[in-house]
Each structure stands twice: as structure tokens, then as C-alpha cells.
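Okay, here's what each chain looks like letter by letter:
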Amino acid sequence: MEKSAKAARPAKQAGGAVEPAPPPVPLNVPVADSHTHIDMQDATVGRTVAAAAEVGVTTLVQVGCDLERSRWSARVAAEHDAVWAAVALHPNEAPRLELSGGREALDAALEEIAELAARPEVLAVGETGLDHFRTGEEGREAQRYSFRRHIEMAKRLDRALVIHDRDAHEDVLRVLREEGAPERTVFHCFSGDAAMAEVCAANGWFMSFAGNVTFKNARPLREALAAAPPELLLVETDAPFLTPAPYRGRPNAPYMIPYTLRAMAEVKGLDEDALAEHVAANTARAFGY
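Residues numbered from 1 in each chain as written. Predicted model: local features only at pLDDT ≥ 70, side-chain atom pairs only at ≥ 80, totals over all residues. Heavy atoms only, no water.

Per an unreviewed UniProt entry, the protein carries the name TatD DNase family protein and comes from Streptomyces radiopugnans.

Right, here's the structure in full:
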């Protein structure tokens with residue numbers, strides 16, 4: 001890691017806000033942030049893009065999680081050359097829509113997502129999948145229905161599929177087997193173990209690692225990273241969440257990618273530039289840009 005533990009302690013700004021982490025040393029090989037939520041961050045799109053570019057993060061995949069945020073993501077991607085979009089109904093959004101308006105409301109939302117996904121600035125359908133952490137059994141049928149619809153959409157439109165998988169590994173893998181995964185499938189914020197990494201590798205599915213791979217209690221995640229082939233690795237922030245160590249507790253943003261990538265290189269036993277070259281090529285291949 002590049003900073004001392006002392007430097008990592010969250011500093012307070014006037015008014016009690018936590019100061020952003022300092023920018024890392026720039027990467028020699030430019031890479032992409034494969035999954036970020038600029039709409040949930042404090043800075044403008046322009047400032048976010050510029051700050052990321054200064055440290056070698058030259059491409060951002062902006063991810064929408066509901067209709068409003070997916071519309072925004074597509075619009076921003078059309079306006080900024082460095083930004084591409086992914087659109088979907090988050091797994092926890094599907095049961096919420098069905099509860100409030102029935103299956104008809106969920107279907108209507110999915111139809112609009114498909115219209116957005118067909119736009120040229122939208123390269124992926126996601127994040128979709130299953131979340132057994134926040135949604136109980138009563139909402140899981142709606143999640144599975146929505147997930148299957150997103151899979152069909154991604155295959156029909158030839159888009160990457162970006163998967164949210166939280167405490168639902170076996171169910172996610174089962175649905176992918178039953179439906180047939182799209183040619184380009186990305187496990188966002190990979191959270192499985194080494195055995196699951198081997199399943200993904202056998203199927204040619206991309207695994208995107210976020211800042212939580214740097215956490216002290218993340219040994220199983222680092223073991224999964226160690227088992228994952230370099231040609232299937234991506235890096236992401238999931239900003240403003242999952243800020244990497246040693247800055248956990250401060251807001252995350254795409255400019256923080258180098259901290260995570262360097263931690264990943266250490267786990268893989270790879271030179272930083274070599275891993276960056278893999279990640280850059282993998283992200284372009286995964287999303288088709």
C-alpha cells in the first residue's frame with residue numbers, strides 16, 4: 001500500500017465532512033473503472049472524469065440501478081467520451097416494483113431498460129442478478145424473473161451482462177446454467193471463493209474486483225483473486241462504496257482505482273504494469289469498446 005496507516009485516518013473538513021483520500025501515484029498503463037456510480041458521488045461528471053484521467057483511469061463504466069438512474073447513465077455516456085453506460089433494474093429494485101405495481105409494472109420497467117440498452121452508448125445490461133442479503137424469500141421470485149429477463153435482453157442485444165451476486169452464489173450460477181449466459185458476462189464486485197472463481201474461469205466469465213479485496217478480513221476474496229486467470233480480471237470502484245484500504249471510511253471515486261489495482265498485483269505476484277495491461281485489454285473485450 002502507498003500510504004501509512006496514520007495518513008489513512010479519515011480527516012474531517014469544516015462542517016464534519018470526511019476529506020477525500022489523496023490521489024494515488026498515476027498508473028503507467030491506463031485502465032478502466034469497470035463499475036462506478038457517478039450519480040451517487042459528490043463531484044460533477046466532468047470533475048470525476050478529469051480526476052480519474054490524471055491517475056491513469058481513462059474509461060469509466062457508469063452503472064444505472066433503476067429506471068431514473070439508467071436514463072441518467074445513458075445520457076451522461078452520450079455526452080462524455082470517457083464514459084460508457086450499463087443499464088438495468090438492480091435485484092432489489094425488481095421486488096420493489098412488483099410490490100408497488102404488480103408484474104405489469106415490472107414488465108413495463110424492463111421494456112424501457114431494453115430500449116435504453118439498445119442505444120450505442122450503452123454497452124452492458126447490469127447490474128442485475130440476485131441479492132439474498134437485502135431481499136427475503138418473499139421477493140426472490142421477482143428477482144429471479146427479472147434476472148432471467150435481463151439475461152435474455154443482453155443476449156438479444158449483444159450486450160455484456162453485469163451481475164450483482166450477494167449471498168446468492170449457487171442460485172446465480174443455477175440461473176446462468178438454465179438460461180445460458182451471454183458470451184460476455186461480468187461478475188461485478190466478485191464475492192465468491194476460489195472454487196467459484198474456478199467455475200467462472202471455466203466458463204470464460206470475467207471477474208471484477210473492488211476495494212474490498214484490500215480489507216483485512218478479505219482473505220477468501222484474495223484467495224479467489226489468486227485463483228482467477230489474469231485474462232479474466234477487471235478492476236472497479238463501485239464508488240462511492242468499498243473504498244480500498246488504507247482509506248476505508250472515506251468516499252470512493254474512480255481516481256482511487258490505482259490503490260486497488262496495486263493490491264491486486266501484489267496478490268497475483270504480477271508487475272503492476274503487466275496487470276494493468278491485462279485489465280485494460282480485458283475491460284475493452286468484456287464491454288466491446
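Past the structure itself, the notes keep going.
A.B. asks: Teacher, can you tell me more about the pairing of strand β7 (residues 206–209) here?
C.D. replies: Walk down a regular strand and you will see the side chains alternate between the two sheet faces. Burial of the side chains of β7 extends over both faces: Phe206 and Ser208 are buried on one face and Met207 and Phe209 on the other. Relative to β7, strand β6 (residues 185–187) is paired through 2 bridges, and the arrangement is parallel. Bridging across to β7, Val186 finds its partner in Phe206. Each parallel crossover has a hand, and the one from β6 via helix α7 (residues 194–203) to β7 is right-handed. (Buried < 20%, exposed > 50% of the residue type's maximum accessible area, 1.4 Å probe, protein only. Helix = DSSP H or I, 4+ residues; strand = E, 2+ residues; numbered from the N terminus. Pairing = 2+ DSSP bridges. Right-handed = clockwise from strand over helix to strand, strands pointing away.)

A.B. asks: Can you help me understand the UniProt feature "binding site: a divalent metal cation 2" (unreviewed entry) in the protein in this one?
C.D. replies: The positions UniProt marks with the feature "binding site: a divalent metal cation 2" (unreviewed entry) are His164 and His188. A compact arrangement is adopted by the annotated residues: their sequence extent is 25 residues, whereas the largest C-alpha distance between any two is 5.9 Å. For the largest pocket, the lining residues among the annotations just cited are His164 and His188. The topology assignment puts His164 in strand β5 (residues 160–166). (UniProt positions renumbered as here; feature names shortened; annotations may be inferred. 1 Å grid on protein atoms, 1.4 Å probe; cavity = no way out; pocket = protein on both sides within 12 Å on 5 of 7 lines; lining within 4 Å.)

A.B. asks: Can you walk me through the UniProt feature "binding site: a divalent metal cation 1" (unreviewed entry) in the protein in this structure?
C.D. replies: Following the UniProt record, the feature "binding site: a divalent metal cation 1" (unreviewed entry) maps to His35, His37, Glu127 and Asp238 here. Judged by maximum C-alpha separation, these annotated positions cover 204 residues in sequence but sit close together in space, the widest gap being only 11.0 Å. Of the annotated residues named above, the ones that line the largest pocket are His37, Glu127 and Asp238. Looking at the element boundaries, His37 is found in the loop between β1 (31–36) and α2 (45–54). Beyond its immediate stretch of four places on either side in the chain, His37 contacts Gln62, Val63, Cys65, Glu127, Asp238, Ala239, Pro240 and Phe241. Within the structure, the side chain of His37 is placed 3.3 Å from the side chain of Glu127, a separation counted as a polar contact. If you trace the backbone, Glu127 turns up in strand β4 (residues 122–131). Since its relative accessible area comes to 3%, Glu127 is described here as buried. Here Glu127 is in contact with His35, His37, Val63, Gly64, Cys65, Ala88, Leu89, His90, Pro91, Val162, His164 and His188, once residues within four sequence places are set aside. (Contact = heavy atoms within 4.5 Å. Polar contact = N/O pair within 3.5 Å; in protein donor to acceptor, adjacent residues only side chain to side chain.)

A.B. asks: Mind showing me how you'd approach the packing of aromatic side chains here?
C.D. replies: Applying the stated criterion to the full structure yields 5 aromatic pairs. Ring centres of Trp84 and Tyr289 lie 6.2 Å apart, and the angle between their planes is 15°; on these two criteria the pair is classed as stacked. Of this pair, Trp84 sits in strand β3 (residues 83–87) while Tyr289 sits in the segment after α10 (272–287), and the two are 205 residues apart along the sequence. Under the relative-accessibility criterion, Trp84 is labelled partly exposed at 24%. Given the relative accessible area of 34%, Tyr289 is considered partly exposed. Between Phe187 and Trp205, the ring centres sit 5.8 Å apart and the planes meet at 35°, which makes this aromatic pair tilted. Note that Phe187 is positioned in strand β6 and Trp205 in the loop between α7 and β7, a separation of 18 residues in sequence. For the pair formed by Phe187 and Trp205, the shared burial category is buried. Ring pairing ties together the aromatic residues Phe187, Phe190, Trp205 and Phe209, which thus form one cluster. (Phe/Tyr/Trp six-rings, centres within 6.5 Å; stacked < 30°, edge-to-face > 60°.)

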